[in-house]
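Observations on chain architecture
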Amino acid sequence: MKRINFIVPRIGDSFYYSVKYAISWLDPSIYYTMISNRYMYGCINIRVNDMWNEFRRPVRADIYWLDTPLYYNDIYKTIPLQRLKPRKIYVCSTWNLEMCKQYFSNCELLPRLIHILYMLYEPLPYEYKEYDLAFVGYCWWRKGCDLFKRVCKELDLKCWMTGDYRKYSMYDLIDRLRKTKYLWWISLSEGFGLPLLESQVLGVIPLCLRAHTSLDYCFTCRYDKGLCVEPVGEEIKLDSIGQRHKIWIPDYGDVIRVIKYALSLDEEEYNRVSRYVYEKSRKLIFETFSRFINSI
């Protein structure tokens, strides 16, 4: 039996949950899995963390699986993780990969895995949709939360948001998502973003800002660019604890235009887009699982 030790910063944070979701895909008769905060001998040790925190304060591991919304590439010439000579570094988006390659030659792109439960559901027919727009995740400035609230109020939409979505059971969250037409993903900065793929494998169409991880995983943009918001600028912004975020800035008028266009789609066209993101996202998830298994 192959033993895998996932090393996470804290039990209960987002990286812990991404590990739990990855484990849901593994056959327990073949893989013995653990979640801890330290290296263990006799195991394949996989460190799951924020990329820039790990680059600066590394924990020993065999494989690193990282993502970040932070941006420090124009500050550091060397980083402590280089001294550990990691066997492999996986990052979750192309823009993270570009930063990683400034320091390592063995960086590869590997998305995170959503929980396998999401793969058991088919899209809900359009006639059963109860909500126009959903915001899944913490109400953080970099996720466009205030913009979401403003749009819902101005257009008088039937919206809902989770706040801390871990307070929902997975079944409740899936049920509510399936009853929603569109996911808000006009986020200013992302390291990865599980809700983006979770919504698409349920056939829920994300409306995205065409930047950061959305360039890799927002299949709506590939189907119809009119359903995506183009950023009009970029900047580095400090958060409340002084961390540097690279953010992409949307124009509010463009956001309104995209939302109105999305809500104008008739049932037939909506179903075509829904089926497209459903099929593309599921194909990506299965390919990701195959690569993940081969890597361990």
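Now for a look at the structure at hand. (Residues numbered from 1 in each chain as written. Predicted model: local features only at pLDDT ≥ 70, side-chain atom pairs only at ≥ 80, totals over all residues. Heavy atoms only, no water.)

**Examining the pattern of salt bridges**
Evaluated as defined, the whole model comprises 15 salt bridges. The partner of Lys143 in a salt bridge is Glu190, and the shortest N-O contact between them spans 2.9 Å. Here Lys143 is found in the loop between β7 (131-135) and α4 (145-154), whereas its partner Glu190 is found in the loop between β9 (180-185) and α6 (194-201), with 47 residues between them in sequence. Accessibility assignment for this pair places Lys143 and Glu190 in one class, buried. (Salt bridge = Lys/Arg side-chain N within 4 Å of Asp/Glu carboxyl O. Helix = DSSP H or I, 4+ residues; strand = E, 2+ residues; numbered from the N terminus. Buried < 20%, exposed > 50% of the residue type's maximum accessible area, 1.4 Å probe, protein only.)

**Some words on the side chain of Asn53**
Among the secondary structure elements, Asn53 is positioned in helix α2 (residues 51-56). A distance of 3.0 Å separates the side chain of Asn53 from the side chain of Arg56, its partner in a polar contact. (Polar contact = N/O pair within 3.5 Å; in protein donor to acceptor, adjacent residues only side chain to side chain.)

**Points about the state of the cysteines**
Think of a disulfide as a covalent bridge from one cysteine sulfur atom to another cysteine sulfur atom. For the structure shown, the criterion picks out 5 disulfides. Taken in sequence order, the bonded cysteines of the protein chain link in the pattern 1-2, 3-4, 5-6, 7-8, 9-10. Of all cysteine sulfurs in the structure, the one in Cys100 sits closest to Cys92, which takes part in no disulfide; the separation is 11 Å. Classification of Cys92 by relative accessible area gives buried; the value is 0%. (Disulfide = S-S within 2.5 Å.)

**A look at the sheet that holds strand β8 (residues 159-161)**
The strand order across the open sheet formed by 5 strands is β8-β7-β9-β10-β11, and the pairing between neighbours is parallel. The sheet is open, and its two borders are formed by β8 and β11 (228-229), each paired with just one other strand. The strands touched by helix α10 (residues 267-295) within the sheet are β9 and β10 (205-209), with β10 carrying the most contacts at an inclination of about 80°. (Pairing = 2+ DSSP bridges. Contact = heavy atoms within 4.5 Å. Axes fitted to C-alpha atoms, helices over the stretch in contact; angles between N-to-C directions.)

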